Amino acid sequence: MAKTATTFACTSCGQASFRWMGRCPGCGEWNTLVEGAARTRADERVAGRAGRALGRRSKAAEPRKPVVLAEVESGAVERLRTGSDELDRVLGGGLVPGSVVLIGGSPGIGKSTLMSAALASIQSAGGRALYVSGEESAAQVKLRAERLGAHALAVPVLAETSLDVVLASLELERPQACVIDSVQTLWSAELTGAPGSVGQVQEVAAALERFARERGCAIILVGHVTKEGTLAGPRVLEHAVDCVLQFEGERERSFRTLRALKNRFGSTNEIGVFEMRAGGLDEVADPSDRFLRDAEPVAGSCILCAMEGTRPLLVEVQALVAPTDVVPPRRVANGIDRNRLSMILAVLARHGGPSLGSADVFVNVAGGVRIEEPGADLAVAMAIASATRDEPLSGSGAPSGCFGEVGLTGELRYVAHADRRLEEAARFGLEQIVLPARCGNDELSAAARSLAVPAPTLAKALDAALGDRAGRSRAA
Ligand code: TYD
Ligand code: MG
């Protein structure tokens, strides 16, 4: 008797069903049922045989003795270098063999370019790479590689969308690193859903992950970002893979940032900065320099001394405050979290800053970067206060900056790495940096200390940067 080949499962409660329904009978959520491959009896038998062949037992398993962590053997894994320091740093020091990385980003951002360049480096360093393209023909992939340089033409390419064919080819080629561009274009014959549907994407990723683990091949899945900005296949993939990288930036501008949202083999704080050029993506080794190039000490502009992972980064935060009759007034945040902006506006209104109940507020981090650390609060508050007063933050011409977290009671809270932030500011000739008073207790070098203007509260910080300039107190 033929068994049903597909089943549907609720992404929110896991309830299984043999037909699609608009509403999950288990939890009552709407539109959560997705197609997945059902295991038929025959499948189970095959899986059982394979399991036994690998020495596993499904029934009456024998207990095993747990090992104390100190005695666990952890063979030092040799990571694959991708030839790009920025990419390697975000990955935590290179690609780990046997791992699965998902890289997401909107179309045209440069995912294929970055991956082609990485495979080219691996191949020319003597490794075995494979580029599986489901989106473009081999000729189109070649055109891109030609722009990257002659070494990129050595990478083998496979233009294919069938998962089974891809798996068979992988088994034959046994690459050390393989890029699947993109995971949404591959389809498994076991499912009836269209390529890119949640069930298909899940199935494709699971099969590739099995291959990666068994053969020690590093697989990079390229994924598209939906209109809402999330990786397609509602987060299903993020759980399955080891590392999720997000490639972002504005397409009209040349800067791109690469950031890890999840990383089982490294920190998620690191960002890599790239610039799209005619010959591919160039690494930006000194991002502060690029981001500050157009910064002018004018009203509404504040330089933020941010930390992104292990790197200090100077960026310009801009604010525009415009009176409005619209209720509620507009709050637009580019590059920072919108809720954070609302919080800062509330603290400003309550603790010594302007009250902006009848003004539109726009905040933008110049250069298209996104800043996620709480140390950005003070710069946002300062830029807004400066825009409201129509007064630049520095009277003497040399730009000034700040960093610090703003608390709900109007206090400035400690943030880490004051020394590194101040040294980066000194390198760019900034004149004064307002920072939380507690950071002044950190060990600071003489150069760093000469810039520091410690302030205990937001009100004091605004005074120091905008108010009574003559009376500002500098740490000796
Ligand atoms: P692509 O890597 O195809 O983006 P994605 O795979 O994320 O969709 O590249 C996108 C853009 O980059 C494309 O509009 C052309 C541009 N580009 C350059 O400016 N220089 C180059 O060397 C290459 C290869 C692409
Ligand atoms: Mg592409």
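Residues numbered from 1 in each chain as written. Chains lettered and ligands numbered in written order. Predicted model: local features only at pLDDT ≥ 70, side-chain atom pairs only at ≥ 80, totals over all residues. Heavy atoms only, no water.

(A) Inspection of the overall build of the chain at higher detail. Scanning the chain from terminus to terminus reveals 13 helices and 21 strands. The buried share of the chain, reckoned over its 476 residues, is 48%. Within the chain, residue pairs in contact and separated by at least 24 positions form 66% of the contacts whose partners lie at least 6 positions apart. (Helix = DSSP H or I, 4+ residues; strand = E, 2+ residues; numbered from the N terminus. Buried < 20%, exposed > 50% of the residue type's maximum accessible area, 1.4 Å probe, protein only. Contact = heavy atoms within 4.5 Å.)

(B) Structural view of the site of ligand 1. Around ligand 1, a shell composed of 15 residues is seen, among which Gly-108, Ser-112, Thr-113, Arg-277 and Gly-280 lie nearest. Within the backbone of Ala-278, a nitrogen or oxygen atom sits 2.9 Å from an oxygen atom of ligand 1. Between ligand 1 and Gly-280 there is a distance of 2.6 Å, counted from an oxygen atom to a backbone nitrogen or oxygen. Of all the secondary structure elements, the ones that give two or more residues to the shell around ligand 1 are helix H3 (111–124), helix H4 (138–148) and strand S11 (271–277). The dominant element in the shell around ligand 1, judged by the number of residues it contributes, is H3, at 3 residues. Of the residues belonging to the shell around ligand 1, the class tally is 4 nonpolar, 7 polar and 4 charged. (Near = heavy atom within 4 Å. Polar contact = N/O pair within 3.5 Å; in protein donor to acceptor, adjacent residues only side chain to side chain. Nonpolar A, V, L, I, M, F, W, Y, C, P; charged D, E, K, R; others polar.)

(C) The arrangement of the packing of aromatic side chains in detail. As enumerated under the stated definition, the model contains 2 aromatic pairs in all. Here Phe-247 and Phe-274 contribute two aromatic rings whose centre-to-centre distance is 5.9 Å and whose plane-to-plane angle is 85°, an arrangement assigned as edge-to-face. One end of the pair, Phe-247, is in strand S9 (residues 243–248); the other, Phe-274, is in strand S11, and 27 residues separate them in sequence. Residue Phe-247 shares its accessibility class with Phe-274, and that shared class is buried. Looking at Arg-421, its charged tip hangs above the ring of Phe-403, at a distance of 4.9 Å from the centre. (Phe/Tyr/Trp six-rings, centres within 6.5 Å; stacked < 30°, edge-to-face > 60°. Lys NZ or Arg CZ within 6 Å of the ring centre and 35° of its normal.)

(D) Representation of the sheet that holds strand S15 (residues 331–334) in the model. The 7 strands are arranged S15-S16-S14-S13-S17-S20-S21 in an open sheet whose pairing can be described as mixed. Two strands bound the open sheet, and with one partner strand each, they are S15 and strand S21 (452–455). (Pairing = 2+ DSSP bridges.)

(E) Examining the environment of Tyr-131 more closely. Structurally, Tyr-131 is set in strand S5 (residues 129–133). For the pair formed by Tyr-131 and Met-115, sequence separation is 16 residues and the distance between their alpha carbons is 8.6 Å. The contact partners of Tyr-131, leaving out residues within four places of it in the chain, are Ser-112, Met-115, Ser-116, Leu-119, Val-141, Arg-144, Val-155, Pro-156, Val-157, Leu-158, Val-179 and Asp-181. Polar contacts involving the side chain of Tyr-131 include one to the side chain of Asp-181, which spans 2.5 Å.

(F) Just the pattern of salt bridges, in detail. Scanning the model with the defined rule gives 25 salt bridges in all. With its nearest N and O atoms 3.3 Å apart, the salt bridge here joins Glu-248 to Arg-259. Taken together, the residues span a long stretch of sequence, with Glu-248 in strand S9 and Arg-259 in strand S10 (residues 255–263) at a distance of 11 residues. Here Glu-248 and Arg-259 have matching classes, each one buried. Taken together, the shared-partner salt bridges connect Glu-248, Arg-259, Glu-308, Arg-370 and Glu-372 into one network. (Salt bridge = Lys/Arg side-chain N within 4 Å of Asp/Glu carboxyl O.)

(G) Looking closely at helix H11 (residues 418–427). Listed in full, the buried residues belonging to H11 are Ala-418, Arg-421, Leu-422, Glu-424 and Ala-425. In a view along the axis of H11, the buried residues occupy a sector of 160°, so they form one face of it. The inward-facing, buried residues of H11 contact helix H8 (287–292), strand S13 (301–308), strand S14 (311–323), strand S20 (433–436), helix H12 (446–451) and S21. Looking one or two residues beyond H11, the residue adopting positive phi is Gly-429, at roughly 70°. (Arc of directions from axis to C-beta.)

Everything listed here is a matter of coordinates, which is why it stays silent on function.
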